[in-house]
Amino acid sequence: MDHLSRRKLLSLGAALGLAGVANPVPAWASTGAAAGTAATTGPEWIWDDLADPLMARMLTGGHVPAINTAWASWVDNNDPLPSGLPAEFSAYLGRVNRLPSWADPAKLARAADFNRRRDTYLFMLYGLGSGIMSTVIPREAKSVYWSAGGADMQDRAAKTFTFGYDLSELKAFEPTGQFVVTANKTRVVHAAVRHLLPQSPHWRAVADETIPISAADILVTFHSLGTFVYRKLLDWRIPFPAADQEAFLHSWQVAIHLLGVPDEHIPQTWAEAERQAARVLTPILTPSTEGIALAEELLGLTAQVDLGVTRGFLNEFVRYVLSDEVGDWLGLRRDYAAAALVRTAWPAFILFREGLSPIMPGTFYMFDQFVRALAMLFLNKGGSGKTTPITIPTGNRAG
Ligand code: HEM
């Protein structure tokens, strides 16, 4: 907590809706299944026992280019495993490429339907909220910047959109959906990064850890995505019935499981998730050289697509969803006229759109175009219009 004073922390937490921090409970103490064991075997000491040693062998054995070629056509959940993979890699996929036994098809179907009904808000909150928040999560920003993908942020952003898109797809978890495959590919990419990044002198010079992407880090990122979006939907008074809330959480629980986080560390309720986020996400948010550069790239990507708004509006929207503090850290230039517009017209837009107010704000069409264009950016997978394949890196960013 060296960067943030307690007061600042509370105001940042309040702005993000992730407040209630600064009690002396150990960061990963859990009220869920893992309670009591967190102090010694907490998720900050867990990486991926299955995938990490395998990917170290695949990288040192020079097998990764062949895997990337072979799995390009492996897309749908019910696609057979591709041929041409090393036997032990195939065996690993055969073992993990399935939903956990506790996955509830009814909840997953409801989550998919919820994602469809709420896609405009979700895309916007994931894209401009979580996406930019990831740049002030220092470990994530430094890993992403110094990994191979960091050199081409637009391509990387498109791939990250793929994750959000596949998770939001109507049939995401069904046999014809793609989410199980996307999550498994991502898990393997993370395992490769754990082997590669420690070899980067640039990453080692700025990192406060020796191996990146622990289970704790993945949970932090989940909070910046799922927990953050959950809180914003409630704060914005968007109708969010209990069954939708439960289904949305369930889809994230399955996603985190597929990314390799042990089940005992996955929050069981939104209340537990929010308590954890207040302890492990809000206090660690801080700017870094890498994060500032990444935020500029990400906002540049969104600014390239015609969202019907100016860059000043985009900056102010980010400030609105993430707080002025985060906006200042990232050096987002102020546009006070746009700020006033966002703060008054956005709530009015939601009320009207949700049928909670009969008064259509004069700016309705501008906002409508904005949310639709952002959704299209996701649906087009970063504006390219084509699927962006997830590939395993074989090296790091050069410098
Ligand atoms: C790659 C999603 C957590 C760092 C990826 C990719 C996806 C993804 C879809 C593949 C895209 C690509 O090939 O670039 C997620 C999700 C997470 C999560 C949904 C948690 C819920 C994290 C965390 C870190 C991290 C906690 C670091 C602290 C990286 C890096 C890459 C990557 C460095 C590789 C980029 C490259 O190709 O060089 N992640 N991630 N991720 N992720 Fe994650």
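Residues numbered from 1 in each chain as written. Predicted model: local features only at pLDDT ≥ 70, side-chain atom pairs only at ≥ 80, totals over all residues. Heavy atoms only, no water.

Mapped onto the fold, Ala 339 is located in helix α18 (residues 336-353). Since its relative accessible area comes to 6%, Ala 339 is described here as buried. Between the C-alpha atoms of Ala 339 and Arg 319, which are 20 residues apart in sequence, the distance is 8.4 Å. In this view, Ala 339 contacts Glu 316 and Arg 334; residues no more than four positions away in its chain are not counted. (Helix = DSSP H or I, 4+ residues; strand = E, 2+ residues; numbered from the N terminus. Buried < 20%, exposed > 50% of the residue type's maximum accessible area, 1.4 Å probe, protein only. Contact = heavy atoms within 4.5 Å.)

Expected angles at a metal are 109.5 degrees for tetrahedral coordination by four donors and either 90 or 180 degrees for octahedral coordination by six donors. One donor from the polypeptide reaches the iron atom of the ligand: His 190 (NE2), at 2.1 Å. As for its position among the elements, His 190 is in helix α10 (residues 179-196). (Donors = N, O, S within 2.8 Å, 3.2 Å for Na, K, Ca; no water.)

Time to look at the layout of surface pockets. Estimates place the volume of the second largest pocket at around 330 Å³. Together, 17 residues line the second largest pocket, and Asp 48, Leu 50, Arg 187, His 257 and Gly 260 are the ones closest to its centre. The set of elements that each furnish at least two residues to the lining of the second largest pocket consists of α5 (87-96) and α13 (242-258). Classifying every residue of the lining of the second largest pocket gives nine nonpolar, two polar and six charged. (1 Å grid on protein atoms, 1.4 Å probe; cavity = no way out; pocket = protein on both sides within 12 Å on 5 of 7 lines; lining within 4 Å. Points joined across faces, edges and corners; volume = space filled by probe spheres on them. Nonpolar A, V, L, I, M, F, W, Y, C, P; charged D, E, K, R; others polar.)

Topologically, Asn 77 is positioned in the loop between α4 (64-70) and α5. A polar contact of 2.9 Å, which involves the side chain of Asn 77, links it to the backbone oxygen of Ala 172. Side-chain polar atoms of Asn 77 contact the backbone oxygen of Glu 174, separated by 2.7 Å. Contact partners of Asn 77, with chain neighbours within four places excluded, come to Asn 97, Ala 172, Phe 173, Glu 174, Pro 175, Gly 177, Gln 178, Phe 179, Val 180 and Val 181. (Polar contact = N/O pair within 3.5 Å; in protein donor to acceptor, adjacent residues only side chain to side chain.)

Looking now at the confidence of the model for the protein. Taken as a whole, the protein shows an average pLDDT of 87; of its residues, 87% reach a score of 70 or greater. Segment residues 33-39 is flagged for pLDDT under 50; beyond a separation of four residues in sequence, or across chains, it makes eight contacts in the model. (pLDDT = per-residue confidence, 0-100.)

The full count for this structure, using the stated rule, is 22 salt bridges. One salt bridge connects Lys 107 with Glu 246, and the closest N-O pair in it is separated by 3.1 Å. With Lys 107 in helix α6 (residues 105-117) and Glu 246 in helix α13, this residue pair connects regions lying 139 residues apart in the sequence. On the accessibility criterion, Glu 246 (45% relative accessible area) is partly exposed. The salt bridge involving Arg 116 is made with Asp 113; its shortest N-O contact spans 2.6 Å. Taken together, the residues span about one helical turn, with Arg 116 and Asp 113 both in helix α6 at a distance of three residues. In this structure Arg 116 comes out as partly exposed when scored by relative accessible area, which is 44%. Of the residues examined, Asp 113 reaches a relative accessible area of 26% and is grouped as partly exposed. Look at the salt bridges and you will find they share partners, linking Glu 316, Arg 319, Asp 324, Asp 328, Arg 334 and Arg 343 into a network. (Salt bridge = Lys/Arg side-chain N within 4 Å of Asp/Glu carboxyl O.)

Let's shift gears to the nonpolar core. Phe 89, Phe 248, Trp 346 and Phe 370 are the most contacted members of the largest nonpolar core, which totals 113 residues. A total of 10 residues in this core trace back to one element, the largest contributor, which is α10. Two domains each put at least three residues into this core: domain 1 (47-71 + 104-284) and domain 2 (300-379). Other than its neighbours up to four places away in sequence, Phe 89 contacts Leu 54, Met 55, Met 58, Ile 67, Trp 71 and Val 188. (Core = buried A, V, L, I, M, F, W, Y, C linked by side-chain atoms within 4.5 Å. Domains from an automatic or database assignment.)

Here we come to unusual backbone geometry. The general pattern is negative phi for most residues beyond glycine and trans for most peptide bonds. Despite not being glycine, Ile 213 shows a phi value in the positive range, around 55°. Mapped onto the secondary structure, Ile 213 falls in the loop between α11 (201-206) and α12 (215-235). On the basis of relative accessible area, Ile 213 is assigned to the buried category, the value being 14%. Positioned with a positive phi, Ser 323 is a non-glycine residue whose angle comes to about 100°. Its place among the elements puts Ser 323 in the loop between α16 (311-322) and α17 (324-329). Ser 323 sits in the buried class, given a relative accessible area of 9%.

Another aspect to go through is the site of the ligand. Inspection of the region around the ligand gives 21 residues, with Ser 147, Gly 149, Arg 156, His 190 and Thr 221 positioned closest. Between an oxygen atom of the ligand and a main-chain N or O atom of Ala 148, the distance comes to 3.3 Å. For the ligand, an oxygen atom lies 2.6 Å from a polar atom in the backbone of Gly 149. Breaking the shell around the ligand down by element, the ones donating at least two residues are α8 (138-146), α9 (153-168), α10 and α12. (Near = heavy atom within 4 Å.)

It is worth spelling out helix α14 (residues 270-280) at this point. Burial of α14 is extensive: eight of the 11 residues sit out of reach of the surface. When we look at burial in α14, the residues that qualify are Trp 270, Glu 272, Ala 273, Glu 274, Gln 276, Ala 277, Ala 278 and Val 280.

Summed over all chains, the structure comprises 28 aromatic pairs. When the ring of Tyr 230 is compared with that of Trp 270, the centres are 4.3 Å apart and the planes differ by 10°; the resulting orientation is stacked. Here the residue Tyr 230 occupies a position in helix α12, and Trp 270 occupies one in helix α14, the gap between them amounting to 40 residues. Tyr 230 sits in the buried class, given a relative accessible area of 7%. Ring geometry for Phe 317 against Phe 370: centres 5.2 Å apart, planes inclined by 70°, an arrangement best described as edge-to-face. Of this pair, Phe 317 sits in helix α16 while Phe 370 sits in helix α19 (residues 364-379), placing them 53 residues apart in sequence. We classify Phe 370 as buried; its relative accessible area is 0%. (Phe/Tyr/Trp six-rings, centres within 6.5 Å; stacked < 30°, edge-to-face > 60°.)

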